[in-house]
Amino acid sequence: MGLNVVMMGPPGAGKGTQAGKFAKERGLPKISTGDILREAIKEQNPTALAAKERMDRGELVDDAMIISIVADRLARPDVKPGFVLDGFPRTVAQAQALDDLMDRLGSGPLIVVDVAVPEPELVKRLAGRRICSKCGTNAGSFDAASCGKCDGQLVQRADDDQDVVIERLRVYQQSTRPVLEYYRGRPTFREVNGAQAPERVASELNALIDNAAAAKR
Ligand SMILES: [Zn+2]
């Protein structure tokens, strides 16, 4: 049975970074819907192409489409030892579909980890994110004066305007929060304090996941 991890957390919690780090350390594929979509589009997958068309028109991609794309990805042989899902499931319907899929694949229970960060801290983090106006590199630290790569001027990210940040968090609370409640009662659900230093979060995450893996039947 594989080490099947679902990484949850609001925007700005550092979930993607932690998911990538953990996956790399354990030699597991990190699967994000954005990455799968990009990959599938390259391979001219018809569902992915239809999904991209919708996104280009600014429309939401529906659950059925996302589920079908993720199901294709999880059927590949490289996920046998396990996987780290990042950014999926985002809705309860997607979470239920993932459970069905795991049953069908017979790949054992999911380990779900929530990277929890209080909302005021998230707003501070998201609104403070800056990007290089010349080369587009993300500013590594909040207090850097200029781009570490090309010395260009740092500006605030367009999508990190305060109102946009609050709207993103509202959307998260509304659609993804119920997914957490869907998983919370399970013996393999864990929560890590994401408001700590990233290295600290990473080491606690490692311990929590091993602990959950030992607890699963
Ligand atoms: Zn730069």
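In what follows, the structure referred to is the one given above.
Remember, predicted model here, so these are calculated numbers, not experimental data. (Residues numbered from 1 in each chain as written. Predicted model: local features only at pLDDT ≥ 70, side-chain atom pairs only at ≥ 80, totals over all residues. Heavy atoms only, no water.)

Trainee: Even after reading the chapter, I still don't get the overall build of the protein chain, so can you show me in this structure?
Mentor: Along its length, the protein chain carries nine helices and seven strands. Its C-alpha atoms give the protein chain a radius of gyration of 18 Å, within 12% of the compact-globule value 17 Å for 217 residues. Projected onto its principal axes, the C-alpha positions of the protein chain cover 50 × 40 × 30 Å. Counting all 217 residues of the protein chain, 42% fall into the buried class. Surface accessibility of the protein chain: about 11,500 Å² in total, with carbon and sulfur atoms responsible for 53%. For the protein chain, the centre of its 31 positive side-chain charges and the centre of its 30 negative side-chain charges are spaced 3 Å apart. (Helix = DSSP H or I, 4+ residues; strand = E, 2+ residues; numbered from the N terminus. Rg over C-alpha atoms; globule rule 2.2 N^0.38 Å. Buried < 20%, exposed > 50% of the residue type's maximum accessible area, 1.4 Å probe, protein only. Areas by Shrake-Rupley, 256 points an atom, 1.4 Å probe, with all protein chains shown as cover. Lys, Arg positive; Asp, Glu negative; His and termini not counted. Charge placed at Lys NZ, Arg CZ, Asp CG, Glu CD.)

Trainee: Just to check I follow, could you spell out the coordination of the zinc ion for this structure?
Mentor: Ideal donor angles around a metal are set by the shape: a four-donor tetrahedron calls for 109.5 degrees, a six-donor octahedron for 90 or 180 degrees. Cys132 (SG), Cys135 (SG), Cys147 (SG) and Cys150 (SG) make up the full set of protein donors to the zinc ion, lying at 2.3 to 2.4 Å. For the zinc ion, the four donor atoms in the first shell make angles of 101 to 115 degrees at the metal, so the coordination geometry reads as tetrahedral. If you list the donors of the zinc ion from N- to C-terminus, the spacing comes out as C-x2-C-x11-C-x2-C. Of the residues examined, cysteine 147 reaches a relative accessible area of 5% and is grouped as buried. (Donors = N, O, S within 2.8 Å, 3.2 Å for Na, K, Ca; no water. Tetrahedral: all angles 85-135°; square planar, octahedral: opposite > 155°, others 65-115°.)

Trainee: Quick question: what am I supposed to make of the side chain of asparagine 206 here?
Mentor: Inspection of the secondary structure assignment puts asparagine 206 in helix H9 (residues 198-215). Relative accessible area serves as the criterion here: at 16%, asparagine 206 is assigned to the buried category. A polar atom in the side chain of asparagine 206 sits 2.7 Å from the side chain of arginine 26. Leaving out residues up to four positions away in the same chain, asparagine 206 has contacts with Phe22, Glu25 and Arg26. (Polar contact = N/O pair within 3.5 Å; in protein donor to acceptor, adjacent residues only side chain to side chain. Contact = heavy atoms within 4.5 Å.)

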